[in-house]
Amino acid sequence: MAASGPGGSRRLVQYVVVRSDLVQQLAWPLGAVIAQACHAATAAIHLHYDDPDTQEYLAQLDAMHKVVLQAPDQSSLSDLSEVLREKGVLHKLWVEQPENAPTCLALKPYPKQAVQSVMRPFKLFRLVNFLGETTPESRRGYRCD
């Protein structure tokens, strides 16, 4: 858990939102999609390195919390980025080059309660096997605590 404040403990979380259509419709290799998420998360940390929440998050190296969510397509990911910008939520929209295609975004670390409401419409990222069935791993989703 993150350090306790006056109102009790608070959990710092880094949200990552990945386009699910990259795997499900466009047949990107899973490793390539994971790499996109890694790029976005690293870039968000780098861009907001001096932010106090980022520093606190990094100081707890063995207790980092990430939540990986899915956006159904490029349009919904771009719309989310615009909503985040309007609300002042700091993030990095990762745009794959040379395709110039937004693939995912990552927020800087935030107290969970500060951004949970804007992220609520997005579900945990899940894999679907080639038969269209969920795997035991995908039913649990991807939330790294």
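The shown structure was predicted, so the numbers you read here are calculated from the model rather than taken from an experiment.

Enquirer: Even after reading the chapter, I still don't get the overall build of the chain, so can you show me in this structure?
Expert: Assigned secondary structure in the chain consists of six helices and nine strands. Of all intrachain contacts in the chain linking residues separated by at least 6 positions in sequence, the fraction that spans at least 24 positions is 69%. Within the structure as shown, the chain displays about 8100 Å² of accessible surface, and the carbon and sulfur contribution to it stands at 57%.

Enquirer: Looking at this model, I keep getting lost on the pairing of strand 6 (residues 101–107). Mind explaining?
Expert: Each regular strand carries side chains that alternate between the two faces of the sheet. Buried residues dominate strand 6, accounting for seven of its seven residues. Where strand 3 (residues 12–19) and strand 6 come together, three bridges link them in antiparallel fashion. Within the sheet, the bridge partner assigned to Val 18 lies in strand 6 and is Cys 104. Relative to strand 6, strand 5 (residues 91–96) runs antiparallel, the two being bridged by six bridges.

Enquirer: Explanation requested: the nonpolar core in the structure shown.
Expert: General note: in soluble globular proteins, nonpolar side chains tend to be found buried as a group. Core analysis: the biggest nonpolar cluster contains 18 residues, and Tyr 15, Val 17, Leu 84, Leu 105, Leu 107 and Met 119 have the highest contact counts within it. Setting aside its immediate chain neighbours within four residues, Leu 105 contacts Tyr 15, Val 16, Val 17, Ala 40, Leu 77, Leu 80, Ser 81, Leu 84, His 91, Lys 92, Leu 93 and Trp 94. The next biggest cluster of nonpolar side chains, apart from the first, holds 13 residues, and it includes Val 18, Ala 44, Cys 104 and Phe 125.

Enquirer: Is there a simple way to think about the packing of aromatic side chains in this case?
Expert: Note on aromatic pairs: each is described by the distance of the centres and the angle between the planes. Tallying each qualifying case throughout the model produces zero aromatic pairs. The residue whose ring lies beneath Lys 108 is Tyr 110, and the NZ or CZ to ring-centre distance is 3.9 Å.

Enquirer: Looking at this structure, I do not really get the pattern of salt bridges. What am I missing?
Expert: Two side chains of opposite charge can pair, provided their charged atoms sit close to one another. As enumerated under the stated definition, the model contains four salt bridges in all. As a salt-bridge pair, Lys 108 and Asp 51 come within 2.9 Å of each other at their nearest N and O atoms. Taken together, the positions of Lys 108 in the loop between strand 6 and strand 7 (110–111) and Asp 51 in the loop between helix 2 (30–47) and helix 3 (52–59) put the pair 57 residues apart, joining distant regions of the chain. Given the relative accessible area of 3%, Lys 108 is considered buried.

Enquirer: Which parts of the structure should I look at to understand the state of the cysteines?
Expert: Linking two cysteines covalently via their sulfur atoms produces the bond known as a disulfide. One pass over the full model with this rule turns up zero disulfides. Just so you know, Cys 38 is unpaired, no disulfide at all, and the nearest cysteine sulfur is the one on Cys 104, 8.9 Å from it. Owing to a relative accessible area of 44%, Cys 38 belongs among the partly exposed residues under this scheme. Given the relative accessible area of 0%, Cys 104 is considered buried.

Enquirer: Can you help me understand helix 4 (residues 74–87) in this one?
Expert: Because each turn of an α-helix spans 3.6 residues, side chains separated by three or four positions in sequence point in the same direction. The terminal C-alpha atoms of helix 4, which comprises 14 residues, lie 20 Å apart, in line with the 20 Å expected from a rise of 1.5 Å per residue. Every buried residue belonging to helix 4 is among Ser 76, Leu 77, Leu 80, Ser 81 and Leu 84, and all of these are buried. Looking down the long axis of helix 4, one finds its buried residues gathered within 145 degrees of arc, a one-sided arrangement. If you check the start of helix 4, you find a side-chain oxygen 3.3 Å away from the backbone N of Ser 75, and it comes from Asp 73.

Enquirer: Explain the confidence of the model for the chain here, please?
Expert: Low-pLDDT portions of the prediction should not be read for the details of their coordinates. Looking at the chain, the pLDDT average stands at 87 and 81% of residues meet or exceed 70. Within the model, the stretch residues 1–8 combines pLDDT values under 50 with 14 contacts to residues more than four positions away or in other chains.

Enquirer: What is the right way to read the pairing of strand 3 from this model?
Expert: For strand 3, the buried fraction is high: eight of the eight residues fall into the buried class. Alternating positions in strand 3 separate into two faces, Leu 12, Gln 14, Val 16 and Val 18 on one and Val 13, Tyr 15, Val 17 and Arg 19 on the other, with burial throughout. For strand 3 and strand 7, the ladder comprises two bridges, and the chain directions are antiparallel. Along strand 7, the bridge assignment pairs Val 13 with Tyr 110. Relative to strand 4 (residues 66–71), strand 3 is paired through six bridges, and the arrangement is parallel. By the bridge assignment for strand 4, Arg 19 is matched with Ala 71.

Rules behind the numbers
Residues numbered from 1 in each chain as written. Predicted model: local features only at pLDDT ≥ 70, side-chain atom pairs only at ≥ 80, totals over all residues. Heavy atoms only, no water. Helix = DSSP H or I, 4+ residues; strand = E, 2+ residues; numbered from the N terminus. Contact = heavy atoms within 4.5 Å. Areas by Shrake-Rupley, 256 points an atom, 1.4 Å probe, with all protein chains shown as cover. Buried < 20%, exposed > 50% of the residue type's maximum accessible area, 1.4 Å probe, protein only. Pairing = 2+ DSSP bridges. Core = buried A, V, L, I, M, F, W, Y, C linked by side-chain atoms within 4.5 Å. Phe/Tyr/Trp six-rings, centres within 6.5 Å; stacked < 30°, edge-to-face > 60°. Lys NZ or Arg CZ within 6 Å of the ring centre and 35° of its normal. Salt bridge = Lys/Arg side-chain N within 4 Å of Asp/Glu carboxyl O. Disulfide = S-S within 2.5 Å. Expected span 1.5 Å × (residues − 1). Arc of directions from axis to C-beta. Polar contact = N/O pair within 3.5 Å; in protein donor to acceptor, adjacent residues only side chain to side chain. pLDDT = per-residue confidence, 0-100.

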